[in-house]
Amino acid sequence: MNQPRSETRISESDENSIIEATLFSDQAYITRQAKAEVEAGVQRLLVEIQSYRVDPDSVQARVFGKGELLGVQYKQIPVIEAPQEDLRELDDQLRKLKRQRRQIDESRQVVNKQQQFLDVTLNYAEVEVPREIKTSFPTAVQMGEMIDFMDSRYTSLNERYDKLTVQLEDIDDEIRALERKLMKRKRGPNNTHGVIEVLFDSSEQQPLRIEVGYGVFQAGWTPFYEVDVSEELNDLQLTQFARIRQTSGEDWNGVRLTVSTAEPLRGAELPRAERWILRKPVPFFHEGVQVGASPMMPMAAATEFEADSVEEDLEVALEEAPAAVAEAVRKVLPSAFEYQLPQPVDIPSTDDDTLLTLTSRSAEGTFYHHAVPKIDARCYLVCETAGDPELPPGQLNIHFAGRYVASTQLGEQKAGEPLRLNLGVDRSVRVKRETLTDKTAETFFRLVDRSQAARELEYHLTVENLREDAVNISLFDSIPVSNSDHYVVKGVELDPEPTDRDWEEREGVMRWRMEIPSKAKKEINVHFFVKYPRNERPEGI
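Position numbers for residues start from 1 in each chain and track the written sequence from start to end. pLDDT decides what is reported in this predicted model: residues at 70 or higher carry local features, side-chain atom pairs at 80 or more are listed and counted, and totals for whole chains, interfaces and linings draw on all residues regardless. Hydrogens and water are ignored here; the side-chain numbers use all heavy atoms of the structure.

### Side note on the overall build of the protein
Right, so step 1: When helices and strands are tallied, the protein shows three helices and 31 strands.
Right, so step 2: Residue contacts are defined here by distance: any two heavy atoms, one from each residue, within 4.5 Å place the two residues in contact. For the protein, long-range pairs separated by at least 24 residues make up 78% of all intrachain contacts whose partners lie at least 6 apart in sequence.
Right, so step 3: Surface exposure of the protein reaches about 34,200 Å², of which carbon and sulfur atoms provide 48%. Here a helix means four or more residues in a row that DSSP labels H or I, a strand means two or more in a row labelled E, and each is numbered from the N terminus. Computed by Shrake-Rupley with a 1.4 Å probe, the accessible areas treat only the displayed protein chains as cover when residues are assessed.

In structure tokens, the structure reads:
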């Protein structure tokens, strides 16, 4: 290849800027556009970039002009020292900002001392009443004027303190941004700087437009969801957001932004099927515990969401319909989904997250009450809607009639699996579970076996509706299930018969679906026997 006839370094400016960014979960792909005027012949174009960490294998380039693209690669080259005049100007700006910060902080301290003085004065008046007041108590008018004065002083001081606090936070943000800018500029001549080298054989003297693409780390996004259920319990609004973190070292100003659910793979190979060989297990004991044994998994505790009673009146005063939500354009790819934001966005390289709306849609929901009195003595209002397996897992915030209720996690959704949303505790629907029978005998269905024990258990479940309207409830309970022939469960009596036995393929879990009229009560009885070796009482009963 011929040696380049000339070298052109394209610094970051209007002629070299980021125009597009595609975000993945733990990295981003940047598209940068640059312009240059070149002579005929082989040209070495150096497109400067500011990212801290670049994936060299991801670099690509396109050149719009007459000629041939010969090669492209990421390189580190010596930095041209920043002009001292520019550095002095930035240093002066930083000093001014820090001086302003000190002045604001000192003013805030003065206000704080004034607040403390008022507190001390009031405390003194409560404990040490001056002699003049003892002999001449102030009139009602004087007391009123004194109270009004103290109240106005407190209000004025609090407002000033809050205002100064906001100013302090704003100026701290400006100082941090300026310090980052100075850090980029103050690089010694022995340091290197990232560039994308583009070798191009130009057919003639001409202006070129160059597009370079490269992957950067220290950037990514996570899904975030918000669902708002209407007060009338007839629909819900599900909004999907992208929570973006971006500390790549480059500010993205006015870029076309796309977020993707694809997972970039590095050095990944296709999975390889291996032989399945059955071997005799070799037991291993450590401090009395056999490694490899399957421990009993405790039932997960229900996530506790405290909310006000749903019977409480919720006033929603909306005179006008809310503005529509700007949504991203969704694109279906063979192995992922992409969301392209409708307008250019600015995302600076900072420690602060950026939250952008992707989609918002209305959905119908089924509302009912949910209770598991064996685990939790409270009854929950639930909204069940169709799930969407295309939604990636993420944090889910739930709002009811515009009020925040709870925060949970949206997990992996299976095809056909509904999405259940916990709207909080409804204290006007009460559930109770009582033990009626718990006794052990030596007979098991009239058979005597002194080596065995037979335990009889009976529970009484009650659901009471104190609301003015009927409610639908799904009430859950369970009977023990044996995973060993040492334990036998017999004589199971369920009255009334559950709507679903072994609910959702969970052996032993029963569900009763009932409609309970206003001010009414329903009852359920659960009765069974458990037989087990006398000296091997099973866990869980």
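There's plenty left to go through after this.
### Remarks on the pairing of strand S21 (residues 403-410)
Right, so step 1: Pairing analysis gives seven bridges linking strand S20 (residues 394-400) to S21, with the strands arranged antiparallel. Of the residues in S21, the one forming a bridge with Ile398 is Ala406.
Right, so step 2: A strand pair is defined by DSSP finding two or more bridges across the two strands. The loop that links S20 with its antiparallel partner S21 comprises two residues; one of these, Ala401, has a positive phi angle of about 55°.

### Here's the deal with the packing of aromatic side chains
Right, so step 1: Pairing of aromatic rings covers Phe, Tyr and the six-membered ring of Trp, with a centre-to-centre limit of 6.5 Å; geometry is then stacked below 30 degrees between planes, edge-to-face above 60, and tilted otherwise. Throughout the structure, instances matching the rule amount to three aromatic pairs.
Right, so step 2: Ring centres of Tyr459 and Phe528 lie 6.3 Å apart, and the angle between their planes is 35°; this geometry places the pair in the tilted category. You can see Tyr459 sitting in strand S26 (residues 452-465) and its partner Phe528 sitting in strand S31 (residues 521-533), a full 69 residues away along the chain.
Right, so step 3: Judged by its relative accessible area of 14%, Tyr459 is buried.
Right, so step 4: Accessibility here uses a 1.4 Å probe with only protein chains present; expressed as a share of the type maximum, an area under 20% marks a residue as buried, one over 50% as exposed, and anything in between as partly exposed. Look at Phe528 and you get buried, because its relative accessible area is 3%.
Right, so step 5: Centroid distance Phe476 to Trp503: 4.7 Å. Interplanar angle 65°. Geometry classified as edge-to-face. With a gap of 27 residues between them, Phe476 in strand S27 (residues 471-478) and Trp503 in the loop between strand S29 (500-501) and strand S30 (509-516) connect regions that are remote in the sequence. In terms of burial, Phe476 and Trp503 fall into one category: buried.
Right, so step 6: Positioned above the aromatic ring of Phe224 is the side chain of Arg243, whose terminal nitrogen or guanidinium carbon lies 4.6 Å from the ring centre.
Right, so step 7: Over the ring of Tyr459 we find Arg433; its NZ or CZ atom is 3.9 Å from the centre of that ring. By the criterion adopted, a ring carries a charge over it if an Arg CZ or a Lys NZ lies within 6 Å of its centre and within 35 degrees of its normal.

### Focus: the nonpolar core
Right, so step 1: The term nonpolar core refers to a set of buried residues drawn from Ala, Val, Leu, Ile, Met, Phe, Trp, Tyr and Cys, joined through side-chain atoms within 4.5 Å. In this structure, Leu23, Ile210, Tyr214, Trp252 and Leu257 are the most contacted members of the largest nonpolar core, which totals 41 residues.
Right, so step 2: Counting residues in each nonpolar core, the second largest holds 24 residues, with Leu457, Val463, Leu475 and Met510 among its members.

### Brief notes about the sheet that holds strand S28 (residues 488-495)
Right, so step 1: Read from one edge to the other, the open sheet built from four strands follows the order S23-S26-S31-S28, with strand pairing classed as antiparallel. Each edge of the open sheet carries a strand with a single partner, namely strand S23 (429-441) and S28. The sheet shows a mean angle of 15° between the axes of neighbouring strands, direction not considered. To get an axis, fit a line to the C-alpha atoms, keeping to the stretch in contact for a helix; angles then go from 0 to 180 degrees between the N-to-C directions.

### A few points about unusual backbone geometry
Right, so step 1: Between Asp495 and the following residue, Pro496, the backbone shows a cis peptide bond with an omega angle of 0°.
Right, so step 2: Inspection of the secondary structure assignment puts Pro496 in the loop between S28 and S29.
Right, so step 3: Of note in this structure, Glu504 is not a glycine but carries a positive phi near 50°.
Right, so step 4: For Glu504, the position within the fold is in the loop between S29 and S30.

### A short note on the pattern of salt bridges
Right, so step 1: In the sections that follow, a salt bridge refers to a side-chain nitrogen of Lys or Arg positioned within 4 Å of a carboxyl oxygen of Asp or Glu. Evaluation of the coordinates by the stated rule reveals 26 salt bridges.
Right, so step 2: With its nearest N and O atoms 3.1 Å apart, the salt bridge here joins Asp376 to Arg378.
Right, so step 3: What makes Asp376 buried here is its relative accessible area of 12%.
Right, so step 4: Assessed through its relative accessible area of 23%, Arg378 is described here as partly exposed.
Right, so step 5: With its nearest N and O atoms 3.2 Å apart, the salt bridge here joins Glu468 to Lys519. Within this pair, whereas Glu468 is found in the loop between S26 and S27, its partner Lys519 is found in the loop between S30 and S31, the two being separated by 51 residues in sequence. The pair Glu468 / Lys519 is uniform in exposure class, with both members exposed.
Right, so step 6: Through salt bridges with shared partners, a single network forms among Glu7, Arg44, Lys75 and Glu197.

### Looking at the pairing of S26
Right, so step 1: With 13 of its 14 residues buried, S26 lies for the most part within the structure.
Right, so step 2: As defined by bridge partners, S23 adjoins S26 across twelve bridges and the pair is classed as antiparallel. Each bridged residue has a counterpart across the sheet, and for Thr435 the counterpart in S26 is Tyr459.
Right, so step 3: Here S26 runs beside S31; their pairing, made up of 13 bridges, is antiparallel. In the sheet register, Arg455 faces S31, and the bridge partner there is Val530.

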